[in-house]
Amino acid sequence: MGAVTGPRVDDWIRAEDPSAVGAVRRKAVGLAEAAGFDPVLVGQTAVAVSEAVSNLVKHAVEGTAMVRPHPEAPATVELICLDRGPGMADVARALRDGYSTSGTLGIGLGAISRIASGYDVHSLPGRGTVLAMYFTATGTPPPPLRASGVTRPIGEEPVSGDSFAIVRSGPATTVLVCDGLGHGHIAAQASNRAVELFRDASEQEPLDIVARLHAGMSGTRGGAVAVARVEPGGVSYAGLGNVSGWVAHAEGRQGMVSVPGIAGHRGGRLRQYSYELPPYAIVIMHTDGLTDRWDPATVPGLFARTPAVIAAGLMREAGSRRDDACVVTVRPARGAR
């Protein structure tokens with residue numbers, strides 16, 4: 001079984017002035033040192049992170065950055081940058097050394113791509129850019145890039161009441177999303193309890209996991225929960241409350257069914273559903289901090305990117321500052337059904 005991740009606090013930093021560069025760099029260096037990076041790699045990580053955030057400060061519209069342990073590999077350091085413009089028409093050209101542009105992340109993107117262990121970019125002119133990159137110590141396996149998620153608290157709250165967790169077991173990836181009722185620390189206590197219960201039950205069927213969460217969250221504020229098990233060719237899904245689940249691809253999406261209720265307090269008969277997962281489709285789950293009105297067709301190319309870039313892109317496109325928000329994306333492992 002792969003490592004279970006969560007609960008987590010994604011600390012987004014606004015890239016509004018040069019102080020943001022130092023704040024993100026210091027956190028990246030701390031994570032790199034804690035993960036056992038050698039001094040050279042720590043320095044390279046600091047350079048790449050500084051360059052990426054500096055470009056947000058110089059060129060971005062509503063730029064934000066977040067550095068954290070990678071959701072699939074806690075010893076890997078991940079940086080995600082996103083903004084609302086001006087975007088780049090030719091990402092491949094921006095990756096060449098010496099290329100300069102007024103677009104976000106245009107200066108230094110070639111150097112960043114060489115330093116990072118892996119990276120992915122999605123950009124649309126006039127819409128903005130999402131950059132995800134990660135740094136892995138020498139000899140450490142890279143993350144498989146099958147699942148990722150991001151959270152963001154309401155307004156200026158220090159914590160989010162929404163949380164997620166991911167576990168891999170062979171070709172299967174099992175994901176929990178929880179929206180703790182309300183906001184702030186009390187809501188976070190409920191979602192953290194859901195993650196703890198999920199850790200102990202993640203090998204069970206999604207229906208049984210949700211039933212365990214429903215029983216075990218009775219001493220908390222409660223919340224909406226959903227669990228998906230994604231395998232090559234299909235997904236099993238069970239939910240209680242208003243977490244949204246989707247099978248999505250570049251041309252459209254299909255909704256997955258949750259039953260009404262609040263985990264820990266009330267709910268009807270729990271049910272598990274199975275859905276076919278066509279080639280190149282992905283599974284998306286999100287709380288009601290994102291509107292359901294997003295459309296893959298309005299963000300060309302996004303759904304071909306890595307799960308981290310898709311999740312961050314959807315947060316930018318559909319997220320609301322009037323509620324805690326969480327979105328998780330899962331791409332099935334390649335293999336026979």
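Conventions we followed
Residues numbered from 1 in each chain as written. Predicted model: local features only at pLDDT ≥ 70, side-chain atom pairs only at ≥ 80, totals over all residues. Heavy atoms only, no water. Helix = DSSP H or I, 4+ residues; strand = E, 2+ residues; numbered from the N terminus. Expected span 1.5 Å × (residues − 1). Buried < 20%, exposed > 50% of the residue type's maximum accessible area, 1.4 Å probe, protein only. Core = buried A, V, L, I, M, F, W, Y, C linked by side-chain atoms within 4.5 Å. Contact = heavy atoms within 4.5 Å. Salt bridge = Lys/Arg side-chain N within 4 Å of Asp/Glu carboxyl O. Pairing = 2+ DSSP bridges.

Draft legend 1. Fine view of helix α5 (residues 184-201). Helix length check: α5, at 18 residues, gives a terminal C-alpha distance of 26 Å against a target of 26 Å (1.5 Å per residue), a fit within 8%. Regarding α5, the residues found buried are Gly 184, Ala 187, Ala 188, Ala 190, Ser 191, Ala 194, Val 195, Leu 197, Phe 198 and Ala 201.

Draft legend 2. Representation of the nonpolar core. In terms of nonpolar packing, the biggest core is built from 30 residues, with Val 24, Phe 37, Leu 79 and Met 133 touching the most fellow members. When residues of this core are traced back to their parent elements, those giving at least two are α1 (19-34), α2 (39-59), β2 (64-70), β3 (73-82), α4 (109-115) and β5 (128-135). The biggest single contributor to this core is α2, with seven residues. With sequence-adjacent residues up to four places away left out, Met 133 is seen in contact with Ala 48, Val 49, Ala 52, Val 77, Glu 78, Leu 79, Ile 112, Ala 116, Gly 118 and Tyr 119. In terms of nonpolar packing, the next biggest core, distinct from the first, is built from 26 residues, Ile 80, Val 130, Ala 132 and Leu 314 among them.

Draft legend 3. A look at the pattern of salt bridges. The final tally for this structure, using the stated rule, is 11 salt bridges. The residue Arg 14 makes a salt bridge to Glu 16 at a minimum N-O spacing of 4.0 Å. For Glu 16, a relative accessible area of 59% gives the class exposed.

Draft legend 4. Inspection of the pairing of β2 at higher detail. Burial analysis of β2 places six of its seven residues in the buried class, the great majority of the element. Note that strand β1 (residues 13-14) and β2 share two bridges and pair antiparallel. The residue bridging Arg 14 from the neighbouring strand is Thr 64, located in β2. Sheet topology note: the β2/β3 ladder contains seven bridges and is antiparallel. Its bridge partner lying in β3, Thr 64 is registered against Leu 82. Counting the residues in the hairpin turn of β2 and β3 gives two residues.

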